[in-house]
Amino acid sequence: MYYDYSRLCADITAAEEKKHSLSRFSAGRSVMGREIFCLKTGGGKKKLFLSGAYHGLESLTSAFLMKFLEELLNHCQTDKEYYGHNVNRLLEKITLYIVPMVNPDGVDIAINGIDPACDLHRELIRDVGMCGFCEVWQANARGVDINHNFNARWKRIREHPSPSKHGGPYPESEPETQAIINLCRRENFDSMIAFHSQGGEIYYDFNRQTAPRSLELARKMAKASGYKVRRPTGTASFGGCKDWFIQEFGKEGFTVEIGHGTNPLPLKMLDEVYDENARLTLCLMEEM
Ligand SMILES: [Zn+2]
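Everything in this summary refers to the structure shown in the same document. This is a predicted model, so every value here is computed, not measured.

### Topic: the overall build of the chain
Looking only at helices and strands, one finds 10 helices and 8 strands in the chain. The C-alpha radius of gyration of the chain comes to 18 Å, within 12% of the 19 Å expected for a compact globule of 288 residues. Expressed as lengths along the three principal axes of its C-alpha atoms, the size of the chain is roughly 55 × 45 × 35 Å. Relative to its 288 residues, the chain shows a buried fraction of 57%. Accessible surface, the chain as shown: approximately 11800 Å² in total, 45% of it carbon and sulfur. A distance of 5 Å separates the average location of the 36 positive side-chain charges in the chain from that of its 38 negative side-chain charges.

### What about the coordination of the zinc ion?
Within the protein, His55 (ND1), Glu58 (OE), Glu58 (OE) and His196 (ND1) serve as the donor atoms for the zinc ion, at 2.0 to 2.5 Å. Here the donor residues of the zinc ion share one chain and are spaced in sequence as H-x2-E-x137-H. Of this pair, Glu58 sits in the loop between strand E3 (46-51) and helix H2 (60-78) while His196 sits in strand E5 (residues 191-197); the two residues are 138 residues apart in sequence, bridging distant segments of the chain. In terms of burial, Glu58 and His196 fall into one category: buried.

### Description of the packing of aromatic side chains
Tallied over the full model, the rule gives 11 aromatic pairs. Ring plane angle 55° and centroid distance 5.5 Å describe the contact between Phe64 and Tyr274, whose orientation is recorded as tilted. A residue pair is termed long-range when its members are at least 10 positions apart, and Phe64 in helix H2 and Tyr274 in helix H10 (residues 270-287) qualify at 210 residues. You'll find Phe64 and Tyr274 in the same group, each marked buried. Members of the aromatic cluster, each reached through a chain of ring pairs, are Phe64, Phe68, Phe195 and Tyr274. Seen from the ring of Tyr5, Arg34 lies directly overhead, with NZ or CZ sitting 5.7 Å from the centre. Taking the ring centre of Tyr274 as reference, the NZ or CZ of Lys67 above it sits at 4.5 Å.

### Here's the deal with the packing of H2 against H10
Two elements in contact, H2 and H10, have axes whose closest approach is 10 Å; the angle formed by their N-to-C orientations is 60°. Considered as vectors, H2 and H10 are oriented oblique to each other. Crossing hand, H2 versus H10: right-handed. Touching Leu60, Ala63, Phe64, Lys67, Phe68, Glu71 and Leu72 of H2 are Leu270, Asp271, Val273, Tyr274, Asn277, Ala278, Thr281, Leu282 and Met285, all from H10. Per-class residue counts for the contact of H2 with H10 are 11 nonpolar, 2 polar and 3 charged.

### Considering the state of the cysteines
One pass over the structure, following the stated rule, counts 0 disulfides. In this model Cys76 remains outside any disulfide bridge; the closest cysteine sulfur is found in Cys38, 17 Å from its own. Given a relative accessible area of 16%, Cys76 falls into the buried group. Between Cys134, a free cysteine, and Cys131, which holds the nearest cysteine sulfur, the sulfur-to-sulfur gap is 9.4 Å. Residue Cys134 is classed as partly exposed on the basis of its relative accessible area of 30%.

### Notes on the environment of Leu120
By the element assignment, Leu120 lies in helix H5 (residues 119-128). Leu120 sits 22 residues away from Arg142 along the chain, and the two C-alpha atoms are 7.6 Å apart. Not counting the four nearest positions on each side in its chain, Leu120 is found in contact with Val31, Met32 and Ala141.

### Some points on the packing of helix H7 (residues 175-187) against helix H9 (residues 241-249)
Two packed helices can be described by the angle between their axes and the distance between those axes. Between H7 and H9, whose axes approach to 12 Å, the crossing angle comes to 35°. Relative to H9, the crossing made by H7 is right-handed. Residues Ile180, Ile181, Cys184 and Arg185 of H7 pack against Cys241, Trp244, Phe245, Glu248 and Phe249 of H9. The residue makeup of the contact of H7 with H9, split by class, is 7 nonpolar, no polar and 2 charged.

The rules behind the values
- Residues numbered from 1 in each chain as written.
- Predicted model: local features only at pLDDT ≥ 70, side-chain atom pairs only at ≥ 80, totals over all residues.
- Heavy atoms only, no water.
- Helix = DSSP H or I, 4+ residues; strand = E, 2+ residues; numbered from the N terminus.
- Rg over C-alpha atoms; globule rule 2.2 N^0.38 Å.
- Buried < 20%, exposed > 50% of the residue type's maximum accessible area, 1.4 Å probe, protein only.
- Areas by Shrake-Rupley, 256 points an atom, 1.4 Å probe, with all protein chains shown as cover.
- Lys, Arg positive; Asp, Glu negative; His and termini not counted.
- Charge placed at Lys NZ, Arg CZ, Asp CG, Glu CD.
- Donors = N, O, S within 2.8 Å, 3.2 Å for Na, K, Ca; no water.
- Phe/Tyr/Trp six-rings, centres within 6.5 Å; stacked < 30°, edge-to-face > 60°.
- Lys NZ or Arg CZ within 6 Å of the ring centre and 35° of its normal.
- Axes fitted to C-alpha atoms, helices over the stretch in contact; angles between N-to-C directions.
- Parallel < 35°, antiparallel > 145°, perpendicular 65-115°, else oblique.
- Left-handed = near helix turned anticlockwise from the far one by under 90°.
- Contact = heavy atoms within 4.5 Å.
- Nonpolar A, V, L, I, M, F, W, Y, C, P; charged D, E, K, R; others polar.
- Disulfide = S-S within 2.5 Å.

Pasting the structure below:
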């Protein structure tokens, strides 16, 4: 079982019904018109942006973010310590913005496969051919890899629409990318984590650029989680959200690769990856 868009919508509705300190707005819409939700909580001056599911096969990151949000709000209400942190104090200092599913169309294709009744899906089959969509699909509904579409040393790795690594016809060509860029520019975040799967790794730099505390914070997050601090190489070293965030704002931005195994990591692995990622996120919040 996997965490799909309808599950996300249901979880957001349930969270909103319970918690008065949670608000939701739209960051934009996907190629197929799905809402790219942003959830906001906390009231502090510092702003932290958490996001996941840039890639179709990585919706376990959405499940993690929704559970993390729910647990934070639960601990706010009970005022109990959470992994040794006082959540009320953290959320007085920080306003948290969470986009749990940046690429809902890609997640849908990876989980539910291709719908022959859908015009856009038929176009995709024409462009990329038939493939095991549920095993390989990372891109959006136009065959563009969102995490290669950001304007940070953007280049074409693959010329044509593809299950992964096609950066699009030009940088920021996709509505999902534009939604994240507009949100970041409007809110002027102090820091961000983009969650991907898998590998148990924390990436903190771009093109040898790092914000002042990037490495120090990455090391602390690694200590909190047991993950490894890494520098990206090859095709992973440009065009991503974290790359663009570091280049554009000069602030600390991280990619975290959650868990270990073969994508798509199933929902039953949520408990296994939850602790380590909650700890590293709380560690960053504490340090902000
Ligand atoms: Zn990814």
